[in-house]
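Letter by letter, the chains look like this.
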Amino acid sequence: MRQIMVRYSVKPERTDENEQLIRDVYEELARTAPAGLRYATFRLADGVGFMHLASVETDDGTNPLSQVAAFQRFQEGIEDRCDGRPVVSDLRAIGSYRMLGDGPAE
């Protein structure tokens, strides 16, 4: 299993566009339901920052997100939307309380 975090800031005039591209990704994920992927995206309190969390749980380590057409569209022009380069970090979980699919959030 690989867990990834991506953080970046978008130019203020491009935030709504970026958010819509992300919503399009989730619409496609809801339709296609790719196996081996857990994914969440957050808009930060500053209004221009975004954080994506992904957990890739495929046997061969390939990320199913890369096969999602809406995600490919999201990545097109990301450099132009961003104010600086996105920072990609691999994560190592220390603990999780119902965050990574380890039980119902009842």
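These numbers were taken from a predicted model, which means no experiment stands behind them. (Residues numbered from 1 in each chain as written. Predicted model: local features only at pLDDT ≥ 70, side-chain atom pairs only at ≥ 80, totals over all residues. Heavy atoms only, no water.)

A. Just the overall build of the chain, in detail. Check the secondary structure of the chain and you find 3 helices and 4 strands. When the helices and strands of the chain are listed from N to C terminus, the series reads β-α-β-β-α-α-β. Relative to the globule expectation of 13 Å for 106 residues, the C-alpha radius of gyration of the chain, 14 Å, shows essentially globular dimensions. Here the C-alpha coordinates of the chain stretch approximately 40 × 30 × 30 Å along the principal axes. Within the chain, the proportion of its 106 residues that are buried is 29%. Carbon and sulfur atoms provide 50% of the accessible area of the chain, an area that totals close to 7100 Å². Within the chain, the 18 negative side-chain charges are centred at a point lying 3 Å from the centre of the 13 positive side-chain charges. (Helix = DSSP H or I, 4+ residues; strand = E, 2+ residues; numbered from the N terminus. Rg over C-alpha atoms; globule rule 2.2 N^0.38 Å. Buried < 20%, exposed > 50% of the residue type's maximum accessible area, 1.4 Å probe, protein only. Areas by Shrake-Rupley, 256 points an atom, 1.4 Å probe, with all protein chains shown as cover. Lys, Arg positive; Asp, Glu negative; His and termini not counted. Charge placed at Lys NZ, Arg CZ, Asp CG, Glu CD.)

B. Broad picture of the sheet that holds strand β1 (residues 2-9). The 4 strands lie next to each other as β2-β3-β1-β4, forming an open sheet whose pairing is antiparallel. The outermost strands of the open sheet, each flanked by one partner alone, are β2 (37-43) and β4 (87-91). Strand after strand, the sheet turns through a mean of 15 degrees between neighbouring axes, direction not considered. Pairing between β2 and strand β3 (residues 49-56): 7 bridges, direction antiparallel. Across the sheet, Arg43 pairs through a bridge with Phe50, a residue of β3. (Pairing = 2+ DSSP bridges. Axes fitted to C-alpha atoms, helices over the stretch in contact; angles between N-to-C directions.)

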